Amino acid sequence: MNIAILYGTETGNAEMLAEDIQSELEAEHDVECTNLSDVDVSEFDPERFYILVCSTYGDGELPASAQPFAEKLAVAKPDLSSIRFAIFGMGDSEYEETFNFGPKRLAELMQVYGAVQIGERVAHDASGSDMAEDLAFPWAEAVIAEAAEALGEAA
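Only a predicted model underlies this, so the values are computations on that prediction, with no experimental measurement involved.

Trainee: Looking at this model, I keep getting lost on helix α3 (residues 101-112). Mind explaining?
Mentor: An α-helical segment advances 3.6 residues per turn. Residues three or four places apart therefore align on the same side. With twelve residues, α3 extends 16 Å from end C-alpha to end C-alpha; this agrees with the ideal 16 Å at 1.5 Å per step. Among all positions of α3, only G102, P103, L106, A107, L109 and M110 are buried. One side of α3 holds all its buried residues, which, seen down the axis, span an arc of 160 degrees. Among the structural elements, β3 (49-55), α2 (67-76), β4 (84-91) and β5 (116-117) are those in contact with the buried residues of α3. Backbone geometry just downstream of α3 places G114 in the positive-phi region, at approximately 100 degrees.

Next up, the structure:
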């Protein structure tokens, strides 16, 4: 499957996880990893499945590298109705009121322009005992299988 992993990060943790997911998947899939700040919103490809990895910053805001992406979407208002994506969040539940808000806002923004979310939004809790990749790898395999079915491809 042709997969783009797009990450939004403040301190680099989402970038590292995105690269780890890429390494995990690239033996079986065509995978590219890109910072959301570098994404041209007019170049979304309906034949590609998008995996978004995003952290939360401050009081539930999008991280610095995702903010330009959100602004580009708001200006371009692209039709993303042929785009399928899944999203993995990173946060810290010690900030209970804003835990995982960045990924939630990013998913909602994609959906405003018609993109269809595949699978559940999963969140890694930095306060927990699980490693992010221990949650992300099986989640990625599951959403890829679901996306392949939705896109009519073999996973």
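Trainee: Honestly, the nonpolar core in this entry has me stumped. Any pointers?
Mentor: Nonpolar side chains in soluble globular proteins tend to be buried together. Counting residues in each nonpolar core, the largest one holds 25 residues, and the members touching the most others are F49, I51 and V53. Contributing elements (two or more residues each) for this core: β1 (2-8), α1 (13-25), β3, β4 and α4 (132-151). Top element by residues in this core is α4. It accounts for eight residues. If near-sequence neighbours (up to four positions away) are discounted, V53 is found in contact with I5, L6, Y7, G8, A14, L17, A18, I21, F88 and M90. If you look at the next biggest cluster of nonpolar residues, it comprises 24 residues, including V39, F44, Y113 and A115.

Trainee: Got a minute to help me understand the packing of α1 against α4 in this structure?
Mentor: Between two packed helices, both the angle of their axes relative to each other and the distance between the axes serve to describe the pair. The geometry of α1 relative to α4 is characterised by a closest axis approach of 10 Å and an angle of 55 degrees between their N-to-C directions. When the axes of α1 and α4 are compared, the pair comes out oblique. Here α1 runs over α4; the crossing is right-handed. Contacts between α1 and α4 involve L17, D20, I21, E24 and L25 from the former and A132, E133, A136, F137, A140, E141 and I144 from the latter. Residues belonging to the contact of α1 with α4 are distributed by class as follows: eight nonpolar, no polar and four charged.

Trainee: Could you clarify how one ought to interpret the side chain of S55 in this entry?
Mentor: Secondary-structure assignment places S55 in strand β3. For S55, the contacting residues outside a window of four places in its chain are G8, T9, E10, N13, A14, P63, M90, G102 and P103.

Trainee: Would you take a moment to explain the pattern of salt bridges for this structure?
Mentor: Where charged atoms from two side chains of opposite charge come close, those side chains can pair. Within this structure, the stated rule accounts for one salt bridge. Of the charged contacts in the structure, one is a salt bridge between E32 and R48, with a shortest N-O distance of 3.6 Å. Residue E32 is found in strand β2 (residues 30-35), and its partner R48 is found in the loop between β2 and β3; the two are separated by 16 residues along the sequence. Accessibility expressed as a relative area gives 38% for E32, which makes it partly exposed. What makes R48 buried here is its relative accessible area of 16%.

The rules behind the values
Residues numbered from 1 in each chain as written. Predicted model: local features only at pLDDT ≥ 70, side-chain atom pairs only at ≥ 80, totals over all residues. Heavy atoms only, no water. Helix = DSSP H or I, 4+ residues; strand = E, 2+ residues; numbered from the N terminus. Expected span 1.5 Å × (residues − 1). Buried < 20%, exposed > 50% of the residue type's maximum accessible area, 1.4 Å probe, protein only. Arc of directions from axis to C-beta. Contact = heavy atoms within 4.5 Å. Core = buried A, V, L, I, M, F, W, Y, C linked by side-chain atoms within 4.5 Å. Axes fitted to C-alpha atoms, helices over the stretch in contact; angles between N-to-C directions. Parallel < 35°, antiparallel > 145°, perpendicular 65-115°, else oblique. Left-handed = near helix turned anticlockwise from the far one by under 90°. Nonpolar A, V, L, I, M, F, W, Y, C, P; charged D, E, K, R; others polar. Salt bridge = Lys/Arg side-chain N within 4 Å of Asp/Glu carboxyl O.

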